[in-house]
Amino acid sequence: MSAIEDIRQSLSHELKELDTLISRTLDSSNPLMNQVISNYLRHKGKQLRPMLVMLTAKLFGGVNDVAVTAAASVEILHNASLIHDDVVDDSDRRHGHETINAVWDNHVAVLVGDFFVSNSLKLATETNDLRVIRAIADLGKLLSLGEMDQIYNARYHELNEESYFKVISHKTASLFVTCVSMGAYCTGVNDWRLGAIREFAELFGRCFQIKDDIFDYFDSKAIGKPTGNDLREGKVTLPLLYALTKSDAPERDEMRELIRKEGSLSETDIRRLITFANENGGVEYAYKVMEDMRAEAVRILSQFNSPVTAEFIALLDFVILRET
């Protein structure tokens, strides 16, 4: 059994409650809405985010009903962002399954995404904890800003690591930071431990996105997105950013001009950029960044005298080593 399955097994009761609560919350009086959502929920993801809420609550005392409700709130908002992203990116598949906009149309997908957002906020209010409600509201803002930051960087060619990490902090890490914050709030923690676990979650989220970005530089049907897809959308991620900073890299200036040229990149352009990043140590560098972040994350967790920290580390290792 894999590490993530071990953790899922240890939280099986709570995750079952989570699934029931999400299904009940998203039930509506509209048969089309129910049909679309029922089909969508059949392909739930790995549930990393609700598991982080629950593991944090477990670390600080125990998983209670408020933690399960908060976990459902953040998972629904996360899925709302995915549904809307698929519309924005005109994606027809996600992790091997057809998207809502592909099966139905953009109109239906946007409305379903909005329905998810509203129900996420509704669940947050049911915790009766203003910090949880504020966390969900702030998260929605950060996710939107992250996407706009990414669009800005693509259009105006902000090719530096500072801009890259700002984007992934907003669009990815913010979700994980919100999750651990909620787990702390639901168990009454509001001291140095909250700050420490948030630091861990920021590193966790950055590693998650870096690994996602690495996938763009390899061919694999299991990943669920075509190689070079980020570059097709104008996104320059860490492996290529690193290669572009190497002054001794052959064709570096030519590659920079290629990225900045008007119009969409051709398939030949994309293959050249991927090859350039791989041949100039971009992927190795990205793995090294994750390795350093993992070491810092383990150091942060060492401040907690609890066996639960082993589950956090196992989840982080899963994120770094995953193949999909």
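Just so it is clear, the structure is predicted and the values come from calculations on it, not from any experiment.

## Quick notes on unusual backbone geometry
Part 1: Within the chain, glutamine 47 stands out as a residue other than glycine whose phi angle is a positive 60°.
Part 2: Mapped onto the fold, glutamine 47 is located in the loop between α3 (31-41) and α4 (48-59).
Part 3: Phi is positive for glutamate 251, which is not a glycine, with a value near 70°.
Part 4: Checked against the element boundaries, glutamate 251 lands in the loop between α12 (238-245) and α13 (252-260).

## So, the pattern of salt bridges
Part 1: Within this structure, the stated rule accounts for 17 salt bridges.
Part 2: Lysine 261 is the partner of aspartate 269 in a salt bridge, and the nearest nitrogen-oxygen pair spans 2.6 Å.
Part 3: You can call aspartate 269 buried: its relative accessible area is 8%.
Part 4: On the basis of relative accessibility, which here comes to 35%, the residue lysine 261 falls in the partly exposed class.
Part 5: We note a salt bridge from aspartate 292 to lysine 288, for which the minimum N-O separation is 2.9 Å. With aspartate 292 and lysine 288 both in helix α15 (residues 282-301) and four residues apart, this pair spans about one turn of that helix.
Part 6: Of the residues examined, aspartate 292 reaches a relative accessible area of 42% and is grouped as partly exposed.
Part 7: Using a relative accessible area of 41% as the deciding quantity, one classes lysine 288 as partly exposed.
Part 8: One continuous salt-bridge network, built from bridges that share partners, spans Glu251, Glu254 and Arg272.

## Regarding the packing of aromatic side chains
Part 1: Scanning the entire structure with this criterion turns up ten aromatic pairs.
Part 2: Considering the side-chain rings of tyrosine 40 and phenylalanine 116, the 5.8 Å spacing of their centres and the 90° angle between planes classify their relative orientation as edge-to-face. Of this pair, tyrosine 40 sits in helix α3 while phenylalanine 116 sits in helix α7 (residues 106-126); the two residues are 76 residues apart in sequence, bridging distant segments of the chain. The residues tyrosine 40 and phenylalanine 116 share a single accessibility class, namely buried.
Part 3: Judged by centre distance (5.2 Å) and plane angle (70°), the rings of tyrosine 164 and phenylalanine 165 are edge-to-face.
Part 4: Here the aromatic residues Phe176, Phe200, Phe204, Phe208 and Phe312 are joined through ring pairs into a cluster of three or more.
Part 5: Just above the ring of phenylalanine 208 sits the side chain of arginine 49; from NZ or CZ to the centre is 5.3 Å.
Part 6: Above the plane of the ring of phenylalanine 208 lies arginine 322, whose end atom (NZ or CZ) is 4.2 Å from the centre.

## Quick notes on α3
Part 1: Within the span of α3, buried status applies to Met33, Val36, Ile37 and Tyr40. One side of α3 holds all its buried residues, which, seen down the axis, span an arc of 95°.
Part 2: Close packing links the buried residues of α3 with α5 (65-88), α6 (100-103) and α7.

## A few points about the nonpolar core
Part 1: Membership of the largest hydrophobic core comes to 104 residues, with the highest contact counts inside it found for Ile210 and Leu240.
Part 2: Of the residues forming this core, the biggest block, twelve residues, is contributed by α5.
Part 3: Not counting residues up to four positions away in its chain, the partners in contact with isoleucine 210 are Tyr164, Phe165, Ile168, Leu238, Ala286, Val289, Met290 and Met293.

What counts and how
Residues numbered from 1 in each chain as written. Predicted model: local features only at pLDDT ≥ 70, side-chain atom pairs only at ≥ 80, totals over all residues. Heavy atoms only, no water. Helix = DSSP H or I, 4+ residues; strand = E, 2+ residues; numbered from the N terminus. Salt bridge = Lys/Arg side-chain N within 4 Å of Asp/Glu carboxyl O. Buried < 20%, exposed > 50% of the residue type's maximum accessible area, 1.4 Å probe, protein only. Phe/Tyr/Trp six-rings, centres within 6.5 Å; stacked < 30°, edge-to-face > 60°. Lys NZ or Arg CZ within 6 Å of the ring centre and 35° of its normal. Arc of directions from axis to C-beta. Contact = heavy atoms within 4.5 Å. Core = buried A, V, L, I, M, F, W, Y, C linked by side-chain atoms within 4.5 Å.

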